[in-house]
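# Fold and geometry: a report
For reference, the chains in residue letters:
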Amino acid sequence: SLARFLREMVLQAAERTEIHIMEHSNGRMTMRKADSVSVPAGEEIELESGGTHLMLMQLRQPLKAGDEVELQLSFADGTQLKIMAPVRKGGYASN
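The structure contained in this document is the topic of the report that follows. (Residues numbered from 1 in each chain as written. Predicted model: local features only at pLDDT ≥ 70, side-chain atom pairs only at ≥ 80, totals over all residues. Heavy atoms only, no water.)

## Remarks on the pairing of strand β7 (residues 80-86)
Across seven bridges, strand β6 (residues 68-75) lies against β7 in antiparallel orientation. Bridging from a neighbouring strand, Glu 70 pairs with Met 84 of β7. Where β6 folds back on β7, the antiparallel hairpin that results is connected by four residues, among which Gly 78 adopts a positive phi of roughly 95°. (Pairing = 2+ DSSP bridges. Helix = DSSP H or I, 4+ residues; strand = E, 2+ residues; numbered from the N terminus.)

Here it is in structure tokens:
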């Protein structure tokens, strides 16, 4: 089976979301927005601070570590999936 490409994640608590990838480049850590993330067939990806992560923009409500939020994942092949995800304090988060 082929890899699927995660294109969008929708979260009710945020006006919009972006997929960001942290990478080492020229001896520095850089962050870039990604249009999609490849999910190899039969495998999972982990979203985490300091790596591939979801950036929440314009929160509609406060979120804190320990909360759970529903994410709707949309893949390039048209597949959609709803999951529950924990809110975690990352290295760059303030709460």
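From this point, things continue past the structure.
## Quick notes on the sheet that holds strand β2 (residues 14-25)
On the basis of which strands lie adjacent, the open sheet formed by three strands has the order β3-β2-β5 and antiparallel pairing. Among the strands making up the open sheet, the edge pair consists of β3 (28-34) and β5 (53-59). Here the average twist between neighbouring strands, direction ignored, is 40°. As defined by bridge partners, β2 adjoins β3 across seven bridges and the pair is classed as antiparallel. The partner of Ile 19 across the bridge, within β3, is Ala 34. (Axes fitted to C-alpha atoms, helices over the stretch in contact; angles between N-to-C directions.)

## Looking at the packing of aromatic side chains
By the definition in use, this model includes zero aromatic pairs. Across the ring face of Phe 75, the terminal group of Arg 4 is positioned such that the distance to the ring centre comes to 4.1 Å. (Phe/Tyr/Trp six-rings, centres within 6.5 Å; stacked < 30°, edge-to-face > 60°. Lys NZ or Arg CZ within 6 Å of the ring centre and 35° of its normal.)

## Quick notes on the pattern of salt bridges
For the structure on display, the rule yields five salt bridges. Salt-bridge contacts for Glu 18 lead to Lys 33; the nearest nitrogen and oxygen are separated by 4.0 Å. Of this pair, Glu 18 sits in strand β2 while Lys 33 sits in strand β3; the two residues are 15 residues apart in sequence, bridging distant segments of the chain. For Arg 32, the salt bridge identified is with Glu 23, shortest N-O distance 3.2 Å. For Arg 32, a relative accessible area of 40% puts it in the partly exposed group. By relative accessible area, Glu 23 is classed as partly exposed at 32%. Ionic contacts of the salt-bridge type, sharing partners, join the residues Arg 16, Glu 18 and Lys 33 into one network. (Salt bridge = Lys/Arg side-chain N within 4 Å of Asp/Glu carboxyl O. Buried < 20%, exposed > 50% of the residue type's maximum accessible area, 1.4 Å probe, protein only.)

## So, the environment of Leu 81
Assignment of secondary structure puts Leu 81 in strand β7. Once the C-alpha coordinates of Leu 81 and Glu 43 are considered, the two residues, 38 residues apart in sequence, prove to be 15 Å apart. Not counting chain neighbours up to four residues away, the residues in contact with Leu 81 comprise Leu 71, Gln 72, Leu 73 and Phe 75. (Contact = heavy atoms within 4.5 Å.)

## Some thoughts on the layout of surface pockets
The space that makes up the second largest pocket amounts to roughly 180 Å³. Forming the walls of the second largest pocket are 14 residues, and the residues nearest its centre are Arg 7, Glu 8, Met 9, Thr 17 and Glu 18. At the level of elements, β1 (4-11), β2 and β3 are the ones that each hand at least two residues to the lining of the second largest pocket. A per-element tally of the lining of the second largest pocket places β2 first, with six residues. (1 Å grid on protein atoms, 1.4 Å probe; cavity = no way out; pocket = protein on both sides within 12 Å on 5 of 7 lines; lining within 4 Å. Points joined across faces, edges and corners; volume = space filled by probe spheres on them.)

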